[in-house]
Each structure stands twice: as C-alpha cells, then as structure tokens.
Amino acid sequence: MTPEELRSWQARMRLSALQARKRLGVSYATYRDCAEGKSRNSGRPIALPPLLPLACAALQAGLAPIGQQH
C-alpha cells in the first residue's frame, strides 16, 4: 500500500484522518506519517506497515475484530 492508496481508502470510507486513525488503532502521528509516506521526525521516506492494507480491506468490508461483535 502506498501513501496515495491509503489516502484514497480514507476518502472512499469518508473518514477524516482522525477517524481513520481511530478505526485502524494507531496514533494520529503514525497515521499522518503513513499518509504522507515520510517520518515526521527525520523527513525521510518510510515503509508502510505490511498489515495496513489488510486492516483497511477488513474495515472496508465491514469486518469486526475477532471476538468482537458488530
């Protein structure tokens, strides 16, 4: 997943950045880094977490975490 794909997912889901980070269970700073594709501390490019696309797909499909009901 690229930062552009993450921002596209956020737009498709009609979520603000704050809502998206909450749904993904990450801090706002981490979400912002992923959406921008660079570290807020160093400004260097970052690799997005490999589970991020799966989490986005699961949320888009309306899946709840295992053990939690809708």
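Before reading further, recall that the structure is shown in the block above.
Definitions and cut-offs
- Residues numbered from 1 in each chain as written.
- Predicted model: local features only at pLDDT ≥ 70, side-chain atom pairs only at ≥ 80, totals over all residues.
- Heavy atoms only, no water.
- Helix = DSSP H or I, 4+ residues; strand = E, 2+ residues; numbered from the N terminus.
- Buried < 20%, exposed > 50% of the residue type's maximum accessible area, 1.4 Å probe, protein only.
- Contact = heavy atoms within 4.5 Å.
- Lys, Arg positive; Asp, Glu negative; His and termini not counted.
- Charge placed at Lys NZ, Arg CZ, Asp CG, Glu CD.
- Axes fitted to C-alpha atoms, helices over the stretch in contact; angles between N-to-C directions.
- Nonpolar A, V, L, I, M, F, W, Y, C, P; charged D, E, K, R; others polar.

S.K.: Summarise the overall build of the protein chain; cite the residues concerned and give the values.
M.R.: In terms of regular secondary structure, the protein chain is built from four helices and zero strands. Secondary structure elements of the protein chain occur, N-terminal to C-terminal, as α-α-α-α. Counting only C-alpha atoms, the protein chain reaches 40 × 25 × 20 Å along its principal axes. Out of the 70 residues in the protein chain, the part that is buried amounts to 26%. Across the protein chain, contacts joining residues at least 24 apart in sequence account for 42% of those joining residues at least 6 apart. Once the 10 positive and 4 negative side-chain charges of the protein chain are each reduced to a mean point, those two points are 8 Å apart.

S.K.: Go over the environment of Ala47, please, and point to the residues and values.
M.R.: Among the secondary structure elements, Ala47 is positioned in the loop between helix H3 (28-36) and helix H4 (52-60). On the basis of relative accessibility, which here comes to 73%, the residue Ala47 falls in the exposed class. Placed 19 residues apart in sequence, Ala47 and Tyr28 show a C-alpha to C-alpha distance of 17 Å.

S.K.: Break down the packing of helix H1 (residues 3-12) against H3 for me, with residues and values.
M.R.: The contact between H1 and H3 brings their axes to 6 Å, and the two run at 115 degrees. In this structure, H1 uses Pro3, Leu6, Arg7, Trp9 and Gln10 to contact H3, whose residues at the interface are Tyr31, Cys34, Ala35 and Glu36. Residue classes in the contact of H1 with H3 are distributed as six nonpolar, one polar and two charged.

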